[in-house]
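Secondary and tertiary structure notes
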Amino acid sequence: MEVSVTLLHLNSRASGEFRVVSQETGRATDEGQTLSCVHCQRTWVVKPGSGRARGWCMKCNGPTCGGQACQTCVPFERQLAIIERRDALRRYAQQYLTDAP
Ligand SMILES: [Zn+2]
Ligand SMILES: [Zn+2]
């Protein structure tokens, strides 16, 4: 199925929303909220109750992926991060769709 992924908006530097639209029907097939790690910019889809442990950096005041390397505060350069996040989010959303059952 041909789909296009639209980023609705980036709410803040750490969260955003995306919508996946079928190009055949023009209808949304999936949508969700994402969070990004403030340190490595890894992006994931928020699934309530998934039980996945994520961290929070008090210095950056934002979520972290919980990875070993991200336990230490290493903030991204801000301007770069915005560009990187947009790309990462698009890539992630496409992969997420491909992996979906
Ligand atoms: Zn991280
Ligand atoms: Zn930090």
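Residues numbered from 1 in each chain as written. Chains lettered and ligands numbered in written order. Predicted model: local features only at pLDDT ≥ 70, side-chain atom pairs only at ≥ 80, totals over all residues.

**Details of the overall build of the chain**
Each helix and strand counted, the chain has one helix and six strands in total. Scanning the chain from its N terminus toward the C terminus, one meets helices and strands in the order β-β-β-β-β-β-α. Expressed as a percentage of the 101 residues in the chain, the buried residues total 17%. A fraction of 40% describes how many contacts in the chain between residues 6 or more apart in sequence connect residues 24 or more apart. (Helix = DSSP H or I, 4+ residues; strand = E, 2+ residues; numbered from the N terminus. Buried ≥ 20, exposed ≤ 12 C-beta atoms within 10 Å, placed from the backbone. Contact = placed C-beta atoms within 7 Å.)

**Things to note about the pairing of strand 2 (residues 15-22)**
The sheet contact formed by strand 2 and strand 3 (residues 28-36) spans seven bridges and is antiparallel. Looking at the pairing, Glu17 lines up with Gln33 of strand 3. In this antiparallel pair of consecutive strands, strand 2 and strand 3, the connection spans five residues, and Gly26 shows a positive phi of 75°. (Pairing = 2+ DSSP bridges.)

**Some thoughts on unusual backbone geometry**
Phi at Gln41 is positive, roughly 70°, even though this residue is not glycine. One can find Gln41 in the loop between strand 3 and strand 4 (43-45). Using a count of 19 C-beta atoms within 10 Å as the deciding quantity, one classes Gln41 as partly exposed. Within the chain, Asn61 stands out as a residue other than glycine whose phi angle is a positive 55°. Structurally, Asn61 can be placed in the loop between strand 5 (55-57) and strand 6 (62-64). Looking at Asn61, the number of C-beta atoms within 10 Å reads 11, which means it is exposed.

**Some remarks on the confidence of the model for the chain**
The predicted model of the chain has a mean per-residue pLDDT of 76, with 70% of residues at 70 or higher. Mean pLDDT in the chain bottoms out at strand 1 (residues 3-10), which sits at 67, and peaks at strand 6, which reaches 88. (pLDDT = per-residue confidence, 0-100.)

**Structural notes on the pairing of strand 3**
Looking along a regular strand, one sees the side chains alternate between the two faces of the sheet. Taken together, the three bridges between strand 3 and strand 4 define a ladder with antiparallel strand orientation. If you follow Leu35 over to strand 4, its bridge partner there is Trp44. The turn linking strand 3 back onto strand 4 is made up of six residues, and Gln41 within it adopts a positive phi angle of 70°.

**Description of the environment of Trp56**
Relative to the elements of secondary structure, Trp56 occurs in strand 5. In this structure the C-alpha to C-alpha distance between Trp56 and Cys37, which are 19 residues apart in sequence, comes to 8.7 Å. Each residue touching Trp56, except ones within four places of it in the same chain, is listed here: Pro63 and Thr64.

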